[in-house]
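# Topology and contacts: notes
The chain contents come next:
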Amino acid sequence: MGRITVAVMVSLWVIPISIIVNRIVPHPYMDEIFHIPQAQEYCRGNFRIWDPMITTPPGLYHLSLAYVASLFPGMYCVKAVSPFSHVCSTAILRSFNGVLAVICSILVYEIITHLRPTLDKRKATLYAVVLALYPLHWFFTFLYYTDVASLTVVLAMYLACLKKNYLFSALVKHLFWKKQAFPLMDKSFLYKQLGALSVVIRQTNIIWMLFVACTGVVDITLAHPRKNMKADDFHESIRNSGSPSPKKSITGESKLRKRKLGAGVKTGNHSTPSISVSSTARMSGLVEEFQNLLLTSWYLKWELLSSFCPFFLVLVAFGAFVHWNGSVVLGAKEAHTVSPHFAQIMYFSLIASLAMAPWHFSLGQASDMFWSFWEKRPFSFFQGIMALTAGFLSVHFFSIAHPYLLADNRHYPFYLWRKVINGHWSMKSTEGLFVSSLAGKAQRKIWVLAYFLASAAALIPAPLIEFRYYTIPFFLLVLHSPTDDAGSWLLMGIVYLAVNAFTMTMFLYRPFHWEHEPGIQRFIW
C-alpha cells in the first residue's frame, strides 16, 4: 500500500470514465469552448492569438503543450496522427487533466504521510483515494478546465514547503546539496517556481502562494532553537545594538507552550487541530505563538529575507500585472469585477460541512460537540450567537445574485440559490449554524488564522457562486483535520461515490434543450 496503489486505484476510474465521457460528449462543452480552441492555437504555434472571453492566464495551455509534445513521438510512430496540431484533440487535452488527477492523488498521499508519520499506510491510502473522489474535484477531472491543474500545483508547492527539499529533480537536489551559505534559499527556489506556475494557471493562487510562504515562515521560526528568547532580552538587544545579539541568553520565560497529550499531537513540523482546555488558554496560546513568531522572525530576518524573497518577487510581478491589466482577470472583466461577497465564506462553510458530514454529525461527534460547547460557556454561547449573526447578515446583505447565476440553469448553484438560499429566510440562519459548528471545532492558532485569512481573501472577492472555487481550501482543511476513523472516511467515500454517480449520470444521460439556443445542454457543477 502506498503511492503506487493510490495511483493505480485512481487510474481505474479515470481511464474508463474518460473514455465514456469522450464518446458521449466528444465536442467541447461549457467553458471548454474557450479553453480547448485556445490550447489548439498554441499547438499550432499561434501564441499571439487570445480569446478575450478567457479570464485565466495561459499556464494550463503551456502545460498542455508540453504534455502533447511528450505524446507526439509515440503517436507519430504508430501513424495515429500526422501533423503535430492534430494531437491537440478534445480527448487528448481532457486526458491531461486525468493525468494530473493521478499526480494530485499521489501528492495528497505524500502530504498525509508527512503530517501524520505514525499513520498506517493502508489508512493513508484510503484517505488519499477518498479525497480523489471529492465530487467537485472528481467531476472536472474529465473536462478541460483549470481546476485540477490549479489544485495539483498548489498541493505540490505546499508539499515542497512541508518537506523543505527538492522533490522532483535529483539533479537539482545534488547540485544544491552542499551549499551552506543560505541553505533555506535553495529549498525555497522550488517553492518559487511552483508558486509562479500556480499563479499563471489561476490568478487567485497568489493567495495560496502567500499562505504557503506564511506556513514556511511559521515552521522555521517556531522550530528554531532561539524561539524561546526572552522578550526583555530582545528589547534590550535592540536598544544596545539595533539587532538581537546571538550571545544573549535564550531561556524560557516567553517560550512556546508545551504541547500536552490533551492539547494536540505533534506531527513533523505541524500539529493537528485540538480542543484547548479553555477559551482563555486558547487565546493566550495564539498570542504567545504570535509573539514568539515576531521575536524569532526578527532574529532570523536576514535568513528569512534571503530564503523567501522569491515569493516577494512573484508577488511584485503579480502586482505589476494587475496594474498593467487594470484587473485581476484577463477577459470578460465586466462580468468578473471584484465585489465584497462575504456570503462566499458561508457557502463554503455549508459545502465543507456537508462534504465532511460523516465526520462531524455522528452521534458520538454530536455528543462531544455539545459537551465541549457546554463546558466553555458563556464564551461558547457568545461565539455561537456571533457566528449565527455574522452568517445571517453576510448572506442577507452581502449575497450577490450574479447574472450568470440567475440565467444559467445548467449549473447546480442555480437551483441551490432558488430553492435553498433565496427560498426562505430561515435557510440563511441555517448556514450560520454550519459556520458555528466548524468554528467550534477549529483550533485558534496561527495556522488556522492564516488559513481563514487566505480562504477569505480567495473567496470573498468572487461575485459568482462556483462550488469548484472551494476545492483548494477544502483540501487543505481536510488534510489538517484530526479525524483518523477509517469508518468515517469509508462512509465519506461512499457518499462521494453516490454523488459522483448522480452528477455524471445527469451530465451524460439527461441532456436537455433550450428554446432560444440550438444544441444540447447538460447539467454541470
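This is a predicted model, so every value here is computed, not measured.

### Some thoughts on the overall build of the protein chain
When you go through the protein chain residue by residue, the secondary structure sums to 23 helices and 4 strands. Burial analysis of the protein chain (525 residues in total) assigns 50% to the buried set. Contacts in the protein chain between residues at least 24 apart in sequence constitute 77% of all its contacts with a sequence separation of at least 6. Working note: accessible area of the protein chain is about 25,300 Å², and carbon and sulfur atoms make up 68% of it.

### Quick word on the pattern of salt bridges
Scanning the model with the defined rule gives 7 salt bridges in all. Close ionic contact of Glu32 with Arg94 constitutes a salt bridge, the shortest N to O distance being 2.7 Å. With a gap of 62 residues between them, Glu32 in helix α2 (residues 32–43) and Arg94 in helix α4 (residues 90–115) connect regions that are remote in the sequence. A relative accessible area of 0% means that Glu32 is categorised as buried. A salt bridge links Glu466 to Arg468; the shortest N-O distance between them is 3.5 Å. We classify Glu466 as buried; its relative accessible area is 8%. One connected set of salt bridges, linked through shared partners, spans Asp31, Asp147, Arg202, Glu466 and Arg468.

### Focus on a nonpolar patch on the surface
Together, Leu210, Phe312, Leu313, Leu315 and Val316 make up a nonpolar patch on the protein surface, roughly 450 Å² of accessible area in all. By the secondary structure assignment, Phe312 is in helix α13 (residues 301–325).

### Focus on the side chain of His35
Looking at the element boundaries, His35 is found in helix α2. With residues near it in sequence (within four places) discarded, His35 still touches Ile54, Thr56, Tyr61, Tyr144 and Thr146.

### Re unusual backbone geometry
Its identity as a non-glycine residue notwithstanding, Met30 has a phi of 55 degrees, on the positive side. Along the chain, the position of Met30 falls in the loop between α1 (3–24) and α2. Overall, Met30 belongs to the buried group, its relative accessible area being 9%.

### Quick notes on the confidence of the model for the protein chain
On average, residues of the protein chain carry a pLDDT of 75, and 67% of them reach 70 or more. By mean pLDDT, helix α8 (residues 170–176) is the weakest element of the protein chain at 31, and helix α6 (residues 135–139) is the strongest at 95. Segment residues 227–281: pLDDT under 50, and 100 contacts once partners within four positions in sequence are set aside and those in other chains are kept. A low-confidence stretch, residues 431–442 (pLDDT under 50), is modelled with 31 contacts involving residues beyond four sequence positions or located in other chains.

### Some points on the state of the cysteines
A complete count under the given rule lists 1 disulfide for this structure. Summary of cysteine pairing: Cys161 is not part of a disulfide, and the nearest cysteine sulfur, belonging to Cys214, is at 9.6 Å.

### Thoughts on the nonpolar core
Grouped together as the largest cluster of nonpolar side chains are 104 residues, with contacts concentrated most on Trp13, Phe139, Leu155, Phe211, Phe474, Met504 and Phe507. Excluding residues within four positions of it along the chain, Phe139 makes contact with Thr503, Met504, Phe507, Phe523, Ile524 and Trp525. Formed by 23 residues, the second largest nonpolar core is a distinct cluster that contains Ala39, Leu93, Ala101 and Tyr144.

### Some thoughts on α4
Compared with an ideal rise of 1.5 Å per residue, which puts 26 residues at 38 Å, α4 spans 38 Å between its outermost C-alpha atoms and is within 8% of the ideal. In terms of burial, α4 is largely enclosed, as 19 of its 26 residues are buried.

### A short note on the packing of helix α7 (residues 147–163) against helix α22 (residues 471–479)
How two helices sit against one another is set out by the angle between their axes and by the gap between those axes. Where α7 contacts α22, the two axes come as close as 10 Å, and the packing angle between them is 40 degrees. Classified by the angle between their axes, α7 and α22 sit oblique to one another. Our pair here, α7 against α22, has a crossing hand that is right-handed. Residues Ser150, Leu151, Val154, Leu155 and Tyr158 of α7 lie in contact with α22, whose contacting residues are Thr471, Ile472, Phe475, Leu476 and Leu479. When its residues are assigned to classes, the contact of α7 with α22 shows 8 nonpolar, 2 polar and no charged.

The rules we used
Residues numbered from 1 in each chain as written. Predicted model: local features only at pLDDT ≥ 70, side-chain atom pairs only at ≥ 80, totals over all residues. Heavy atoms only, no water. Helix = DSSP H or I, 4+ residues; strand = E, 2+ residues; numbered from the N terminus. Buried < 20%, exposed > 50% of the residue type's maximum accessible area, 1.4 Å probe, protein only. Contact = heavy atoms within 4.5 Å. Areas by Shrake-Rupley, 256 points an atom, 1.4 Å probe, with all protein chains shown as cover. Salt bridge = Lys/Arg side-chain N within 4 Å of Asp/Glu carboxyl O. Patch = residues over 30% accessible without salt bridge, like charges linked within 9 Å, V, L, I, M, F, W, Y side chains within 5 Å. pLDDT = per-residue confidence, 0-100. Disulfide = S-S within 2.5 Å. Core = buried A, V, L, I, M, F, W, Y, C linked by side-chain atoms within 4.5 Å. Expected span 1.5 Å × (residues − 1). Axes fitted to C-alpha atoms, helices over the stretch in contact; angles between N-to-C directions. Parallel < 35°, antiparallel > 145°, perpendicular 65-115°, else oblique. Left-handed = near helix turned anticlockwise from the far one by under 90°. Nonpolar A, V, L, I, M, F, W, Y, C, P; charged D, E, K, R; others polar.

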